[in-house]
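Listed below are the residues making up each chain.
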Amino acid sequence: MKEHLSALIDGELEPAEFDHVLAQLHADPALRDDWQDWHLVGDVMQQHPILSPDFMKNFSDRLATEPVVLVPAAASRRRRFMRRALAPLSAAASVAFLSVVGWQAFHGAYTGSPLAAPQMAAVKQQAVRVASTGTDNRFRAYLVAHHEDSGNPIDGRDIVYASFETQPTK
Amino acid sequence: MMKTKGWILAGSLFLAGHRLLAATPVPNELLSAQEANQLVARVANAARTVTFQGVYVHQHGDNMEAFRVIHEATSGNDIERRESLDGPPREFYRQGNQISLYLPGGQVFPIDRRQSSKLFPRQFPDDPEHVLVNYQVRYVGQERVAGQDTNIYDFEPKDKLRYPHRYWVHADTGLMLKSVMLGVRHEPVEVFAFSQVQIGGSIDKRQLKPVYPVKPAPVDDAPGTLTLPKDPAWDIHNLPGGFRLLKVSQRAMTGKPRPVVHHLYGDGLVTISVFIEPFDPAAPLGIAQQAGITVFARQAGPYLLTVLGEVPAETVQAFSYAYTPKGEKSGTQ
């Protein structure tokens, strides 16, 4: 577990392991102490200013006692006139906003429809997954082929892959 | 009083005439069809006929690489050499239509001639209509790139199937000095830009000699076509508009036991690949996006269909659903 914690601090832990390690951290006070100590060591080595050990507690306490300011008292009277003057405008603005949103929704639906195959609706609900460059190698072979054939053979993003996979004979 | 009016009139006439003579486009206005046509032809031609050398940066996603490019286009000569300055050494050498490559591991694969002519700054096709049927061109203004004065043009897609592009074009020669492709949120997803360039002048012959042991690459010269691929196993209809079929091939692919069928389409600026292979239950399905490229994989009958390209998600999906397997016969390709 300690290796995992260390990897997490160094940012080298696999994202899949996050939940597990964080749960352990939550459950085990000894691990939490390690976590504190290692960060302290790191801060000293990187010459970050050291905060007092109970900084977080003090901060939370002070935050809790801060008054919640919604409207500064002095400004409120002047605002009232402005608000009355601006109310019709803001109503107009929200109508405008609604129509923009409506138009976009309509526009989106419209441009979607000529392409829509029956299966399309189902597929559209899948979230588009943004793959991170380093971890997702599953489509790399296709990318290599795509770039070779679309004429950029010296593109670096494919070379990285090609250099550690042996090329089958053609 | 009359005199002043006369001067103002004369002045405005002079200015109008000046504008006509210089043919300066108005910032933020669309180019007419004829102007757009001339622009694309001029930029495509400049990349072939202008002698230049410099260093450009290619940025895609969160990667950045620098390349040196030297192009000599003096009487009878058409020689181009590029080498990577970052990462593993790579080299591209072209003399006329002969292409040689040096890649890590020494592998060489066939090069499509029409497509390989599309390396920066040669991105425009020879046929302006191919691009202009899909994009409208807006003159944006002027900016300095790599110490040169350029005009900026936006290529705005006419439909939602493509991304917008912006090009910085050398004012004097028409050479493209910078190009940016924007993604869904108008963020730059792919950038090519000269950081240093010399346009014209003479080139030291030693600069044109390959540095690495380049090997000649077989050149594939098949012309593109508007007709659909004829594949006995597939019904292909309702392909998104504005794309031409460039190539049909079967290729071995890393990690695949059997060759994969590859259909390559292009709209003049970007390309889309359709890969067909027997369905593999372990294959990842769905949509992924990475550095401006969208990938969509799905099962179609007994096949795995993977579509990818420098286009929005809608486009790869539309391409994928334009392919329907005929019946359920599980033929090999």
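None of these values were measured; they are calculated from a predicted model.

Cut-off values and rules
- Residues numbered from 1 in each chain as written.
- Chains lettered and ligands numbered in written order.
- Predicted model: local features only at pLDDT ≥ 70, side-chain atom pairs only at ≥ 80, totals over all residues.
- Heavy atoms only, no water.
- Helix = DSSP H or I, 4+ residues; strand = E, 2+ residues; numbered from the N terminus.
- Buried < 20%, exposed > 50% of the residue type's maximum accessible area, 1.4 Å probe, protein only.
- Areas by Shrake-Rupley, 256 points an atom, 1.4 Å probe, with all protein chains shown as cover.
- Polar contact = N/O pair within 3.5 Å; in protein donor to acceptor, adjacent residues only side chain to side chain.
- Contact = heavy atoms within 4.5 Å.
- Phe/Tyr/Trp six-rings, centres within 6.5 Å; stacked < 30°, edge-to-face > 60°.
- Lys NZ or Arg CZ within 6 Å of the ring centre and 35° of its normal.
- pLDDT = per-residue confidence, 0-100.
- Salt bridge = Lys/Arg side-chain N within 4 Å of Asp/Glu carboxyl O.
- Pairing = 2+ DSSP bridges.

Some thoughts on the overall build of chain A
The secondary structure content of chain A amounts to eight helices and one strand. Order of helices (α) and strands (β) in chain A, N terminus to C terminus: α-α-α-α-α-α-β-α-α. Counting over 170 residues, chain A shows a buried share of 23%. For chain A, the exposed area adds up to about 12,700 Å²; of that, 62% sits on carbon and sulfur atoms.

Comments concerning the side chain of His146 of chain A
When you line up the elements, His146 of chain A lands in helix H7 (residues 140–149). Given the relative accessible area of 0%, His146 of chain A is considered buried. One polar contact links His146 of chain A to Glu310 of chain B, side chain to side chain, over a distance of 3.0 Å. For His146 of chain A, the residues in contact, after removing those within four places along its chain, are His262, Leu264, Thr271, Ile272, Ser273, Phe275, Leu308, Gly309 and Glu310 of chain B.

Focus: the packing of aromatic side chains
All names here are of chain B. By the definition in use, this model includes 18 aromatic pairs over all chains. Seen in terms of ring centroids, Phe52 and Phe194 are 6.1 Å apart; in terms of plane orientation they differ by 80°. Their pairing is edge-to-face. Of this pair, Phe52 sits in strand S2 (residues 52–60) while Phe194 is found in strand S12 (residues 188–199), placing the two residues 142 residues apart along the sequence. Of the two residues, Phe52 and Phe194, both sit in the buried class. With 5.1 Å between their ring centres and 10° between their planes, Tyr102 and Tyr212 make a pair best called stacked. With a gap of 110 residues between them, Tyr102 in strand S6 (residues 98–102) and Tyr212 in the loop between S12 and strand S13 (215–217) connect regions that are remote in the sequence. Joined through ring pairs, the aromatic side chains of Phe52, Tyr56, Phe67, Phe120, Phe192 and Phe194 make up one cluster. A cation over an aromatic ring shows up here: Lys178 above the ring of Trp168, its NZ or CZ 4.4 Å from the ring centre.

A closer look at the confidence of the model for chain A
Residue and element names in this part refer to chain A. For chain A, mean pLDDT is 63; residues scoring 70 or higher make up 44% of the total. The secondary structure element of chain A with the lowest average pLDDT is helix H6 (residues 120–124), at 39, and the one with the highest is helix H2 (residues 18–27), at 84. Confidence drops under pLDDT 50 across residues 99–135; counting only partners more than four residues distant or on other chains, this segment forms 37 contacts. Within the model, the stretch residues 159–170 combines pLDDT values under 50 with 21 contacts to residues more than four positions away or in other chains.

Structural notes on unusual backbone geometry
All names here are of chain B. Phe120 connects to Pro121 through a cis peptide bond whose omega is 0°. By the secondary structure assignment, Pro121 is in the loop between helix H3 (113–116) and helix H4 (128–132). Its identity as a non-glycine residue notwithstanding, Ala146 has a phi of 50°, on the positive side. Within the secondary structure, Ala146 is located in the loop between strand S8 (135–145) and strand S9 (148–157). Overall, the relative accessible area of 25% leaves Ala146 in the partly exposed class. You will see that Asn238, though not glycine, has its phi angle at about 60°, which is positive. Residue placement: Asn238 occurs in the loop between strand S15 (234–236) and strand S16 (244–251).

Some points on the pattern of salt bridges
Pairing is possible between side chains of opposite charge, provided their charged atoms come close. Residues and elements named next belong to chain B. With the rule as written, the count across this model stands at 18 salt bridges over all chains. For Glu83, the salt bridge is made with Arg81, and the minimal N-O distance between the two is 3.2 Å. Relative accessible area serves as the criterion here: at 9%, Glu83 is assigned to the buried category. The salt bridge partner of Arg162 is Asp159, with a shortest N-O separation of 3.0 Å. For Asp159, a relative accessible area of 29% translates into the label partly exposed. Through salt bridges with shared partners, a single network forms among Asp78, Glu80, Arg82, Arg94 and Arg122.

Let's talk about the sheet that holds strand S3 (residues 63–72) of chain B
Residues and elements named next belong to chain B. With antiparallel pairing, the 12 strands of this open sheet are ordered in space as S1-S8-S9-S10-S11-S12-S2-S3-S4-S5-S6-S13. On the outer flanks of this sheet lie strand S1 (29–30) and S13, each paired with one strand and no other. With two bridges connecting them, S1 and S8 associate as antiparallel partners. In the sheet register, Leu30 faces S8, and the bridge partner there is Arg138.

Details of the environment of Thr324 of chain B
All names here are of chain B. Among the structural elements, Thr324 can be located in strand S22 (residues 323–325). Looking at Thr324, the relative accessible area reads 32%, which means it is partly exposed. In this structure, the C-alpha to C-alpha distance between Thr324 and Gly301, residues 23 residues apart in sequence, is 8.2 Å.

Notes on the pairing of strand S20 (residues 293–300) of chain B
Residues and elements named next belong to chain B. Within S20, seven of the eight residues are buried, leaving the element largely enclosed by the surrounding structure. Sheet topology note: the strand S19 (residues 286–290)/S20 ladder contains five bridges and is antiparallel. Along S20, the bridge assignment pairs Gln290 with Ile293. Between S19 and S20, which follow one another and run antiparallel, lie two residues, and Ala291 among them has a positive phi close to 50°. Alignment of S20 against strand S21 (residues 303–309), held across seven bridges, turns out to be antiparallel. Residue Val295 lies in a different strand from S21, and its bridge partner there is Leu308. Following S20, the chain reverses through two residues before pairing antiparallel with S21; Gly301 in that reversal takes a positive phi of roughly 60°.

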